[in-house]
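One letter stands for each residue in the lines below.
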Amino acid sequence: MTTPLNSVTPSTGVSAADVVRLKNYIIANLTRDLESENPPFDQRHTIVKKRLTELFPRLRLNLPESIRQQIEHDVLNELLGYGPIQPLLDDPDVTEVMVNGPKKVYVEKKGQLVRTAVVFEDTNHVQRVIDRIILPLGRRIDPDSPTVDARLPDGSRVNAVIPPVAIDGASITIRKFSRDKLTTKQLIEFGSLTASMAEFLRVCVISRLNIVISGGTGSGKTTLLNVLSGFIPEDERIVTIEDAAELQLQQDHVVRMETKVANVEGKGAITVRDLVRNSLRMRPDRIVVGECRGGEALDMLQAMNTGHDGSLTTIHANTPRDSLSRIETLVLMAGMELPVKVIRQQVSSAIDLIVQQSRLKDGARKVTAITEVAGMEGDTIVLTDIFRYEQTGITTDGKVVGSLKPTGIRPLFTPRLEAAGFKLPPEVFGANIGDMLRRR
């Protein structure tokens, strides 16, 4: 039963419990109004503000202005936003919001994890916010299906987990979608890669090399994939395949596809593998897969080996060598009992370049290796670093010190670049022109 408004003490010394009761009473009443009237979503903010403006004078409560404004702010967030975490989502410096139960809310700011002062009332409060997030998206979450992945209307990715899977209370993880697509110039300014590396990658994309971006969670793989896909020429047909659509391609001829979860009967799911197979019938010039995490890796390799050059994808791995092991594992998940040597031959002939993206200890995100897949020696895939990040130390304030350098090795696929009209100067790969002239 809702607490009556007149039970709140009419004095400036309002207790925190009284404020919570008042806020919950207002939310309950306005929720009933919205449900009965069901106004268009774009009018709800105006309606709720108007009701609040009319309501407070009628209550005749001697509330300090700061408390009244806070109640109004919280009510708006509860009814129209995502409750206590809405201000975090509105903060442009916050890139990720992580709710570890009702009393622990963390954010990622400028690459660093920070615990906030934000709290929920209890785990039920967290679950109400989860429901508000996913119900408009046609998703569901309950004890029988206690996890959910979804994409918010603004493009942000959300994952939610509730008991019994979430032992310490309902959990929410939201990776915010940035509408401002980073450019190559910005990545160079941030120190994520050098101008030579950027030019090399641009040439490789245009020359239709098959590229895998490898990296850990939150290392910036999708951001880099966005940048590399921007180098694809305008006159090519691009098909993108993602679990949750994040890519922001600027080209005109793009077909975007997104997976679909099963319905309440467990039917109707469309996987990344389904979409990769379907894309082959769509006459693509390029296939861009947001992330390979299952049997679709086999389909990607086969596509790369059968005329779909210039494909791009990402994979979870901490080093270029680890990414190859990960791809082997994913191929086996496709259910094909292929010998390891056959898989490695497929990998070595399909993939030309691995770009390793890393998140350093200080939160900085960098391309730490650009590695050529140089063929096979026996049963082993040969990898050759073209560029590498070398860490030299850490400053007193925790900043990682290092540099991105070419290794001095020209890739074996250089003739393919030249056939596409690109003759990169030797200094891109670290050659010393003075030494070369003296040798002549």
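Further up the page is the structure itself.
Keep in mind that this is a model prediction, so the values were computed, not measured. (Residues numbered from 1 in each chain as written. Predicted model: local features only at pLDDT ≥ 70, side-chain atom pairs only at ≥ 80, totals over all residues. Heavy atoms only, no water.)

### Side note on the overall build of the protein chain
Just so we agree on the cut-off: The secondary structure listing takes helices from DSSP runs of H or I that are at least 4 residues long and strands from runs of E that are at least 2 residues long, numbered from the N terminus. Relative accessibility thresholds used throughout: buried, under 20% of the residue-type maximum; exposed, over 50%; partly exposed, between the two (1.4 Å probe, protein chains only). What makes two residues a contact is simply this: any of their non-hydrogen atoms within 4.5 Å. His is not counted, nor are the chain ends, whereas Lys and Arg count as positive and Asp and Glu as negative. The atom standing in for a charge is NZ when the residue is Lys, CZ when it is Arg, CG when it is Asp and CD when it is Glu.
Within the protein chain, the secondary structure is distributed over 14 helices and 15 strands. Taken along the three principal axes of its C-alpha coordinates, the protein chain extends 95 × 55 × 40 Å. Out of the 440 residues in the protein chain, the part that is buried amounts to 46%. At a minimum sequence separation of 6, the contacts of the protein chain that also span at least 24 residues come to 52%. In the protein chain, 56 side chains carry a positive charge and 55 a negative one; their mean positions are 2 Å apart.

### Quick look at the packing of helix α1 (residues 16-37) against helix α3 (residues 65-80)
The criterion, for reference: With axes taken as lines fitted to C-alpha atoms, and helix axes fitted only over the stretch in contact, angles between N-to-C directions fall between 0 and 180 degrees. Roughly parallel means an angle under 35 degrees; roughly antiparallel means over 145; roughly perpendicular covers 65 to 115; every other angle is labelled oblique. For a crossing to be left-handed, the near helix must be turned anticlockwise from the far one by less than a right angle; the clockwise case is right-handed. In this classification, the charged set is Asp, Glu, Lys and Arg, the nonpolar set is Ala, Val, Leu, Ile, Met, Phe, Trp, Tyr, Cys and Pro, and all remaining amino acids, among them Gly, are polar.
Two elements in contact, α1 and α3, have axes separated by 10 Å at closest approach and are oriented at 45 degrees. Here α3 runs oblique to α1, going by the angle between their axes. In the crossing of α1 with α3, the sense of the turn from one axis to the other is right-handed. Every residue of α3 that contacts α1 at Val 19, Leu 22, Lys 23, Ile 26, Ile 27, Leu 30 and Thr 31 is listed here: Ile 67, Ile 71, Asp 74, Val 75, Glu 78 and Leu 79. In terms of residue class, the contact of α1 with α3 is built from 9 nonpolar, 1 polar and 3 charged.

### Re the sheet that holds strand β3 (residues 112-115)
How we decide: Strand pairing is assigned whenever DSSP identifies at least 2 bridges connecting the two strands.
Spatial ordering of the open sheet is given by β3-β2-β1-β6-β5-β4, a layout of 6 strands whose pairing is antiparallel. Strands at the two margins of the open sheet, each flanked by one partner only, are β3 and β4 (147-151). On average, adjacent strands in this sheet sit at an angle of 15 degrees to one another, irrespective of strand direction. Relative to strand β6 (residues 171-175), strand β5 (residues 157-161) is paired through 5 bridges, and the arrangement is antiparallel. In the strand pairing of β6, Val 158 is matched with Ile 174. Taken strand by strand, helix α5 (residues 123-134) contacts β1 (94-100), β4, β5 and β6, and its axis lies near 45 degrees from that of β6.

### Some thoughts on unusual backbone geometry
Omega for the bond connecting Pro 163 with Pro 164 falls within 30 degrees of zero, at 10 degrees, which places this linkage in the cis form. Relative to the helices and strands, Pro 164 resides in the loop between β5 and β6. Positive phi values are uncommon outside glycine, yet Arg 208 reaches one of about 65 degrees. Relative to the elements of secondary structure, Arg 208 occurs in the loop between α7 (195-206) and β7 (211-215). Residue classification places Arg 208 among the partly exposed residues on the basis of a relative accessible area of 22%. For Arg 283, which is not a glycine, the phi torsion comes out positive at approximately 50 degrees. Its relative accessible area of 57% is what places Arg 283 among the exposed residues.

### Concerning the side chain of Lys 176
What counts here: A pair is scored as a salt bridge if a Lys or Arg side-chain nitrogen falls within 4 Å of a carboxyl oxygen belonging to Asp or Glu. What qualifies as a polar contact is a pair of N or O atoms within 3.5 Å, subject to a donor-acceptor requirement within protein and to the restriction that residues adjacent in sequence count only when both atoms come from side chains.
Its location among the elements puts Lys 176 in the loop between β6 and α6 (184-190). Asp 91 provides the closest opposite charge to the buried, salt-bridge-free Lys 176, at an N-O distance of 5.9 Å. Engagement of the side chain of Lys 176 in a polar contact is seen with the backbone oxygen of Leu 89, the distance being 3.0 Å. A distance of 2.9 Å separates a polar atom in the side chain of Lys 176 from the backbone oxygen of Val 94.

### A word on the packing of aromatic side chains
Rules: Working definition: a ring pair exists when centres of Phe, Tyr or Trp rings (six-membered ring for Trp) sit within 6.5 Å. Plane angles under 30 degrees give stacked, over 60 give edge-to-face, the rest tilted.
This model, assessed by the stated rule, comprises 3 aromatic pairs. Between Phe 200 and Phe 413, the aromatic rings sit 6.1 Å apart at their centres with planes inclined by 25 degrees, giving stacked as the arrangement. With Phe 200 in helix α7 and Phe 413 in the loop between β15 (400-406) and α13 (414-419), the pair connects residues that are 213 residues apart, well separated along the chain. By the burial criterion, Phe 200 is buried, and Phe 413 matches it. Three or more aromatic residues link up through ring pairs in this structure, and these residues are Phe 200, Phe 387, Phe 413 and Phe 429.

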